[in-house]
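Letter by letter, the chains look like this.
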Amino acid sequence: MTVSTDVLIVGAGPTGLALGVDLARRGVNALVVERADRLFPGSRGKGVQPRTMEVFDDLGVLDAIRAAGGGYPVGMIWQDGRRMGEHHMFDAAEPTEDAPYTAPWMVPQWRTQEILFARLAELSAPLDAPRSAVDHLQAGGDWSRPRGGATYATAPRPFRARPKRSRLGQGRSGGPVEFGREVVSVEQDAVGVTARFASGEQIRARYLVAADGGRSAVRRALGIGMTGETVDPSPMLVADVRITGLDRDNWHIFPPREGADYLAICPLAGTEDFQLTARFPEGTDPDLSLDGIRKVVAARSHLAPDDVTEVRWASDFRPRAALADRFRDGRVFLAGDAAHVHSPAGGQGLNTSVQDAYNLGWKLGAVLRGGAAEALLDTYEEERRAVAADMLGLSTSVHRGEVRRGAATQQLGLGYRDSTLTRETRDAPGPVRAGDRAPDGTLDGVRLFDAFRGPHWTLVAIGAPAPRVPESVRVVGGARLGTYGTGLFLVRPDGYVGWAGDRAAGLTDYLARVGQAAQNASLGT
């Protein structure tokens with residue numbers, strides 16, 4: 001039997017889970033499948049940038065993210081067992097009314113995935129399901145990390161797949177996520193995609209999204225190449241460890257010295273763990289065992305081997321930057337690491353990936369549920385590939401010490417002014433133009449981010465009369481808001497201004513293009 005769904009999402013990392021959440025709140029039938037038997041267990045992508053905090057606000061997980069993490073500690077330089085001085089890794093910026101989040105927030109990747117998983121389960125569960133992740137956190141619930149067969153306190157079912165796999169699409173472990181499902185082939189035609197699993201089962205979907213990481217099986221099956229470079233030939237080790245003898249108030253940095261390369265040990269907010277990062281000479285094969293990591297720590301710091309009491313997760317990698325030659329092949333889309341691979345420096349990879357999902361989610365929803373033309377989906381690659389290319393360059397520059405972490409790494413300045421989906425009709429645009437991120441602010445007592453929150457479009461009318469629009473479009477109006485200037489601003493579901501004008505001429509056609517055709521409402525002029 002072939003199971004059918006609207007969207008098959010391959011990969012239950014941050015990209016796949018964020019997309020699953022966005023589609024679920026739009027009423028789109030989607031299934032997430034994951035090759036592994038549980039969520040990724042490491043802290044790898046621990047930095048949540050300000051723009052992603054805004055995305056998480058809209059997806060309904062910001063409170064849980066804030067409760068689960070914390071700010072970044074100040075770096076402390078060590079030499080010969082002595083503290084040599086502080087190192088500030090980020091250019092500080094104070095929150096403003098239009099940008100309420102201006103500093104990165106530290107949350108281990110495994111915990112971000114738990115939160116997104118719980119939100120997806122919450123959206124997919126019946127009304128009598130357990131309370132939300134946010135309610136659980138506010139009640140002081142246990143956010144203990146799942147180990148082995150342990151379960152996550154707010155998820156209605158275990159993370160791990162059952163030993164005896166149920167029929168595809170039934171007996172799901174934790175909502176619409178299937179663990180232990182390895183995609184081995186993909187075929188598509190004019191109306192859909194068929195994915196086959198190692199188990200011999202198959203599934204039919206109208207669209208497929210490959211969010212299965214840098215070694216994407218789907219990307220390889222489609223023959224889509226990756227173009228890139230080695231950022232640093234030196235192998236890196238990253239591990240989640242338990243350590244005694246170090247405070248949790250600093251990011252501990254042990255610079256290279258004769259016979260020993262770089263070592264950094266960062267306390268992971270909201271946990272008892274530290275993230276350890278070490279660089280090795282080219283050609284080295286790092287030892288990921290407890291004994292191997294103990295030797296590295298003892299050789300490069302003042303700590304004794306036994307001060308490392310536990311290794312909870314470890315991995316090695318060679319920093320590289322690569323971009324997929326295309327992000328779309330017919331009915332298949334690439335997102336996240338399947339589309340772009342970053343150096344971890346600067347914390348851009350996870351954030352760019354989540355925003356891929358955020359861009360694609362509303363467009364799939366508009367085509368599948370809103371009646372928009374399929375051509376709308378072409379703008380996903382157009383918009384996101386250019387952004388990914390810029391972020392790859394930024395990550396590489398940060399890795400090489402050419403750029404400091406600051407305004408550029410916050411991702412608040414990213415936009416789509418050159419997109420074919422952007423329409424700026426004013427002769428003299430103000431500070432905010434079509435294609436820009438729609439800033440926060442208060443207009444006649446209404447906070448804009450509150451108005452934007454949800455899967456809808458929003459029309460912001462400032463110093464101009466608001467025309468009648470379809471009921472699916474929320475309207476906010478007021479006399480003045482300096483950060484915007486004056487005019488009409490149609491804000492997309494992903495928080496960017498899609499259309500801007502002094503009057504409503506052209507708004508009807510734009511709304512129809514994006515699946516928001518007038519519903520018994522005429523537009524003024």
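If you're wondering where the values come from, they're calculated on a predicted model, not measured in any experiment. (Residues numbered from 1 in each chain as written. Predicted model: local features only at pLDDT ≥ 70, side-chain atom pairs only at ≥ 80, totals over all residues. Heavy atoms only, no water.)

### Quick look at the packing of aromatic side chains
Just so we agree on the cut-off: Here the aromatic set is Phe, Tyr and Trp, taking the six-membered ring for Trp, and pairing holds for ring centres within 6.5 Å; pairs whose planes are under 30 degrees apart are stacked, those over 60 apart are edge-to-face, and all others are tilted. We call a charge positioned over a ring when the NZ of a Lys or the CZ of an Arg lies within 6 Å of the ring centre and within 35 degrees of the ring normal.
Following the criterion strictly, the structure yields twelve aromatic pairs and no others. Through a chain of ring-to-ring contacts, the aromatic side chains of Tyr207, Phe327, Phe333 and Tyr380 assemble into a single cluster. Above the ring of Trp105, the side-chain terminus of Arg66 is found at 5.1 Å from the ring centroid.

### Regarding empty space enclosed by the protein
Rolling a probe over the atoms, with the probe sized like a water molecule, indicates the empty space that remains. Here is the rule we go by: Each cavity reported here is a set of points on a 1 Å grid over the protein atoms alone in which a 1.4 Å probe fits but cannot get out, each pocket an open set with protein on both sides within 12 Å along at least five of seven lines, and each lining residue one with an atom within 4 Å of a point. Grid points are joined across faces, edges and corners, and a volume is the space filled by probe spheres set on the points. What counts as a helix is a DSSP run of H or I of at least four residues, what counts as a strand is a run of E of at least two, and both are numbered from the N terminus.
Tallied over the entire structure, the rule returns five cavities of 30 Å³ or more. There is about 150 Å³ of room inside the largest cavity. What lines the largest cavity is a set of 13 residues, and nearest its centre among them are Glu54, Asp58, Tyr358, Phe449 and Phe452. Listed by contribution, the elements that provide at least two residues to the lining of the largest cavity are α2 (50-59) and α11 (448-452). Per element, the largest residue contribution to the lining of the largest cavity is five residues, and it comes from α2.

### Points about the confidence of the model for the protein chain
Note the cut-off: Confidence of the predictor at the level of single residues is captured by pLDDT, which takes values from 0 to 100. Should any heavy atoms of two residues lie within 4.5 Å, those residues are considered in contact.
In this model, the protein chain carries an average pLDDT of 86, and 85% of its residues clear a pLDDT of 70 or more. In the predicted structure, residues 127-166 sits below a pLDDT of 50 and forms 80 contacts with residues beyond four places in sequence or in another chain. This stretch, residues 519-525, has a pLDDT under 50; its non-local contacts, to residues over four places away or in other chains, come to 18 contacts.

### Notes on the side chain of Arg328
Note the cut-off: Pairs of N or O atoms within 3.5 Å make up the polar contacts considered here, provided that, within protein, one atom can donate a hydrogen while the other can accept it, and that residues adjacent in sequence are counted only when both atoms are side-chain atoms.
Among the structural elements, Arg328 can be located in strand β19 (residues 328-329). A distance of 3.5 Å separates a polar atom in the side chain of Arg328 from a polar atom in the side chain of Glu374. Residues contacting Arg328, with those up to four places away along its chain left out, are Phe333, Glu374, Leu377, Asp378 and Glu381.

### Quick look at the sheet that holds strand β22 (residues 423-424)
The test is simple: In this scheme, strands are said to pair when DSSP sees at least two bridges between them.
Pairing is mixed in the open sheet, where five strands are placed in the order β22-β28-β27-β25-β26. On the outer flanks of this sheet lie β22 and β26 (473-478), each paired with one strand and no other. Pairing between strand β25 (residues 457-462) and strand β27 (residues 487-491): five bridges, direction antiparallel. What sits directly across from Thr458, in β27, is Val491.

### Comments concerning the pairing of strand β12 (residues 226-230)
Rules: Residue burial is assigned from relative accessible area. The probe radius is 1.4 Å, only protein chains are included, and a residue is buried under 20% of its type maximum, exposed over 50%, and partly exposed in between.
Of all five residues making up β12, only zero are buried, and the element is barely covered by its neighbours. Both β12 and strand β18 (residues 320-324) contribute to a ladder of five bridges, which runs antiparallel. Directly across from Met226, in β18, lies its bridge partner Ala324.

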